[in-house]
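The lines below spell out each chain.
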Amino acid sequence: MDHMRLPEQGRPEDEILDDLKQFSEDDPDYKHGRVWSLVYHLDQAHEDFTAAAYQQYSSANGLNPAAFKSLKRMETEIISTVAGLLNGGPDTCGVVTAGGTESCLMAVKTYRDMARAKRRVKTPNMIIPATAHVAWFKAAGYFGVKARLLPMTKDFGTDIKKLKSMINRNTVMILGSAPEYPHGTIDPIAEMGQIASEKGVPMHVDACVGAFILPFMEMNGIPLPEWDFRVPGVTSISADLHKYGYTAKGASTILYRDLDTLKHQMFVYQDWPGGVFASPALLGTRPGGAYAAAWAVLQKMGIDGYRELAAQTTAAVETLKAGINDTDGLRLLGNPQGPLLSYGSSDPKLNIFAVADQLEAQGWNVNRVQNPDGIHAMVTAKHNEVAETYVNDLKTAVASVRSNPDLANSGSAATYGMMAHVPLRGMVKTRVLDIFAEMYRAGGGHLDLDDSAKPSLLERGMARYVRWKSRRS
Ligand SMILES: *Cc1c(COP(=O)(O)O)cnc(C)c1O
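- The name given to the chain in an unreviewed UniProt entry is Glutamate decarboxylase, with the source organism recorded as Shimia thalassica.
- In the Cofactor (unreviewed entry) part of its UniProt record, the chain is described as follows: "pyridoxal 5'-phosphate".
- We quote the UniProt Sequence similarities (unreviewed entry) comment for the chain here in full: "Belongs to the group II decarboxylase family. Sphingosine-1-phosphate lyase subfamily."

## Some points on the domain arrangement of the chain
Thought 1: Per the domain assignment, the segments making up the chain are domain 1 (54–299) and domain 2 (422–472).
Thought 2: Computed over C-alpha atoms, the centres of domain 1 and domain 2 are 33 Å apart.

## Here's the deal with the site of the ligand
Thought 1: Every residue close to the ligand is listed here: G99, G100, T101, C104, H133, P179, D206, C208, V209, D240, H242 and K243.
Thought 2: Contact distances for the ligand include 2.5 Å between an oxygen atom and a side-chain N or O atom of T101.
Thought 3: In the environment of the ligand, an oxygen atom lies 2.8 Å from a nitrogen or oxygen atom belonging to the side chain of H242.
Thought 4: Notes on the ligand: free accessible area 380 Å², of which the protein chains cover 85%.
Thought 5: Considering each element in turn, the shell around the ligand owes the most residues, 3 residues, to helix 4 (residues 100–119).
Thought 6: Residues belonging to the shell around the ligand are distributed by class as follows: 4 nonpolar, 5 polar and 3 charged.

## Quick notes on the environment of I435
Thought 1: In this structure, I435 sits in helix 14 (residues 425–439).
Thought 2: For I435, a relative accessible area of 11% translates into the label buried.
Thought 3: For I435 and V35, which are 400 residues apart along the polypeptide, the C-alpha to C-alpha distance reads 23 Å.

## Quick word on the sheet that holds strand 11 (residues 340–345)
Thought 1: The antiparallel open sheet is built from 4 strands, whose spatial order is 10-11-13-12. Of all strands in the sheet, those bounded by a partner on one side alone are strand 10 (330–332) and strand 12 (367–369). Taken over all neighbouring pairs, the strand axes of this sheet differ in orientation by 35 degrees on average, direction set aside.
Thought 2: Looking at chain direction, strand 11 and strand 13 (residues 374–378) are connected through 4 bridges and run antiparallel. Residue S342 lies in a different strand from strand 13, and its bridge partner there is H376.

## Regarding a nonpolar patch on the surface
Thought 1: On the surface, I16, L17, L20 and F23 cluster together into a nonpolar patch covering about 420 Å² of accessible area.
Thought 2: Within the secondary structure, F23 sits in helix 1 (residues 13–23).
Thought 3: Taking the relative accessible area as the measure of exposure, F23 reaches 60% and is therefore exposed.

## A closer look at the sheet that holds strand 4 (residues 171–177)
Thought 1: Strand order in the open sheet formed by 7 strands is 1-7-6-5-4-2-3, and the pairing between neighbours is mixed. What marks the edges here is a single partner per strand, and that holds for strand 1 (93–97) and strand 3 (146–150). Each strand of the sheet is rotated relative to its neighbour by a mean of 20 degrees, with strand direction disregarded.
Thought 2: One ladder, built from 5 bridges, connects strand 2 (residues 125–129) with strand 3; its direction is parallel. In the sheet register, N125 faces strand 3, and the bridge partner there is K146.
Thought 3: Relative to the sheet, helix 4 contacts strand 1, strand 2, strand 4, strand 5 (203–206), strand 6 (234–240) and strand 7 (252–256), its axis offset from that of strand 7 by approximately 25 degrees.
Thought 4: Strands in contact with helix 7 (residues 189–199) are strand 3, strand 4, strand 5 and strand 6; relative to strand 4, the strand with the most contacts, it is inclined by about 165 degrees.

## Here we look at the packing of helix 11 (residues 352–361) against helix 13 (residues 411–421)
Thought 1: Contact geometry of helix 11 with helix 13 gives a least axis separation of 8 Å together with a crossing angle of 145 degrees. Where helix 11 crosses over helix 13, the two elements pack in a sense that is right-handed. Residues F353, A354 and D357 of helix 11 pack against G411, S412, A413, Y416, G417 and A420 of helix 13.
Thought 2: Looking at the contact of helix 11 with helix 13, its residues break down into 5 nonpolar, 3 polar and 1 charged.

## Here we look at the side chain of T253
Thought 1: Mapped onto the elements, T253 comes out in strand 7.
Thought 2: Only 2.8 Å separates the side chain of T253 from the backbone oxygen of A239, close enough to count as a polar contact.
Thought 3: Not counting residues up to four positions away in its chain, the partners in contact with T253 are I78, I79, V82, V95, V96, T97, S103, I237, S238, A239 and L241.

## Topic: the packing of aromatic side chains
Thought 1: Overall, the coordinates contain 12 aromatic pairs when judged by the stated rule.
Thought 2: Measuring from ring centre to ring centre gives 5.5 Å for F212 and Y306, while their planes differ by 55 degrees; the resulting arrangement is tilted. Highlighted residues: F212 in the loop between strand 5 and helix 8 (214–219) and Y306 in helix 10 (residues 288–325), separated in sequence by 94 residues.
Thought 3: Residues F216 and Y306 carry aromatic rings whose centres are separated by 5.2 Å and whose planes lie at 25 degrees to one another, so their mutual orientation is stacked. You can see F216 sitting in helix 8 and its partner Y306 sitting in helix 10, a full 90 residues away along the chain. Just as F216 is buried, Y306 falls in that class too.
Thought 4: Through successive ring pairs, a cluster of aromatic residues spans W36, W364 and Y390.

## Thoughts on the pattern of salt bridges
Once their charged atoms are close, side chains differing in charge can pair, the charge on each being opposite to the other.
Thought 1: Inspection of every chain in the model, using the stated rule, returns 19 salt bridges.
Thought 2: Of the charged contacts in the structure, one is a salt bridge between D113 and R116, with a shortest N-O distance of 3.7 Å. Here R116 and D113 lie together in helix 4, a separation of 3 residues that amounts to about one turn.
Thought 3: One salt bridge connects K243 with D240, and the closest N-O pair in it is separated by 3.1 Å.
Thought 4: Each member of the salt-bridge network shares a partner with another, and the members are K109, R112, D113 and R116.

## A word on the UniProt feature "modified residue: N6-(pyridoxal phosphate)lysine" (unreviewed entry) in the chain
Thought 1: UniProt marks K243 with the feature "modified residue: N6-(pyridoxal phosphate)lysine" (unreviewed entry), using the numbering shown here.
Thought 2: Along the polypeptide, K243 turns up in the loop between strand 6 and strand 7.
Thought 3: Excluding residues that lie within four positions of it along the chain, K243 makes contacts with Y40, C208 and V209.
Thought 4: Among the polar contacts made by the side chain of K243, one reaches the side chain of D240 at a distance of 3.1 Å.

Quick notes on the rules
- Residues numbered from 1 in each chain as written.
- Predicted model: local features only at pLDDT ≥ 70, side-chain atom pairs only at ≥ 80, totals over all residues.
- Heavy atoms only, no water.
- UniProt positions renumbered as here; feature names shortened; annotations may be inferred.
- Domains from an automatic or database assignment.
- Near = heavy atom within 4 Å.
- Polar contact = N/O pair within 3.5 Å; in protein donor to acceptor, adjacent residues only side chain to side chain.
- Areas by Shrake-Rupley, 256 points an atom, 1.4 Å probe, with all protein chains shown as cover.
- Helix = DSSP H or I, 4+ residues; strand = E, 2+ residues; numbered from the N terminus.
- Nonpolar A, V, L, I, M, F, W, Y, C, P; charged D, E, K, R; others polar.
- Buried < 20%, exposed > 50% of the residue type's maximum accessible area, 1.4 Å probe, protein only.
- Pairing = 2+ DSSP bridges.
- Axes fitted to C-alpha atoms, helices over the stretch in contact; angles between N-to-C directions.
- Patch = residues over 30% accessible without salt bridge, like charges linked within 9 Å, V, L, I, M, F, W, Y side chains within 5 Å.
- Salt bridge = Lys/Arg side-chain N within 4 Å of Asp/Glu carboxyl O.
- Contact = heavy atoms within 4.5 Å.
- Left-handed = near helix turned anticlockwise from the far one by under 90°.
- Phe/Tyr/Trp six-rings, centres within 6.5 Å; stacked < 30°, edge-to-face > 60°.

See the structure below:
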């Protein structure tokens, strides 16, 4: 195929900006609260402010913290602010990263290297909940640390009965989430921290999603279990700025209780012909704009701003929970205490993925979860404006599926059902890889879930059989 060529002559700026605007026409409508994941949007004024802060530092580079003193100052102040918010001690320190995944990857690398240096561990493992964010499975794959899973309890918490006996001399860390992504459940951090202390194993808390809302919910008087540095066994926490901090994309933090641990995250190569090199985290060039935007938004919001956003989020969550609870055939999955939740079907005749399709037909953009099947909602302050409409549309969607149960076997419901239920997981993995890779074929390829992933007769049969079996047991 012919590759795209740069324009022979550069084009006028306003024409290009118009192009960009046009490209976004088919994107999900997050500005009106229609999207229940991926985006944390408040309003245009906030986007403009964030962009203005970003713009001032969009060329600045945090690679060498000694060069841009402005960026190091912002990084120090951001980390110190987050440390205070999460009840860190006097030695709590950390690094600004480009996102939650980088923060999680760094924790695994840090504890792997620490165990290697201090205890000569050669075949490292870490003990993580089955509900841990997928970034932890990515870290396991990237860094060769075996993930040993804590199972889910009946109500989608983490079952820690076996935790103590699972820890062995090759265990480099244990993990809890506050909250976890699939159902919004907060893990039993205090109990896990106690075990971590007793066993002398580091414990990380993944608060990528929770760090900028749970503390403010607590200030608003909502009782929550302790999950941050107040728990003695907790040695590090990841906290995203670009989620409930409402900063520009590309900003997260990782904090450690002390510098001795953080040192194992750092990379130094003293013999490089390009010069002696030291780096605190994964990236080389570090985007100054994201730091400036994050610093600016923290200052703009202040405690009262974040408390107000948390209050609006809580109100939206309550509207959703009430709507789900009083809809026949739906059930909340577990006991979500934070800003996100999932719900599934309590009636074998009601297919929840078909409900998801009907919601999308009404202009909502939702995510699906599996084991068990469900619909996910990452609720933001903005959603308080649309929560009631969403609940009404949800009831309509449920009614449509009830009157036409065959919807379960068509559209993306069939595809998602197949992917969630086909027992040969290796087959699903290969299939997804093929579909995904297709998007990256030279020239862009395409992704059409309804088309390229349409389940074969065999897959449909297998998925149906599994659904039928599980209904009978
Ligand atoms: C979002 C999230 C992450 C990963 O963060 P990214 O910024 O998307 O890379 C990790 N853990 C949890 C619990 C999350 O919700």
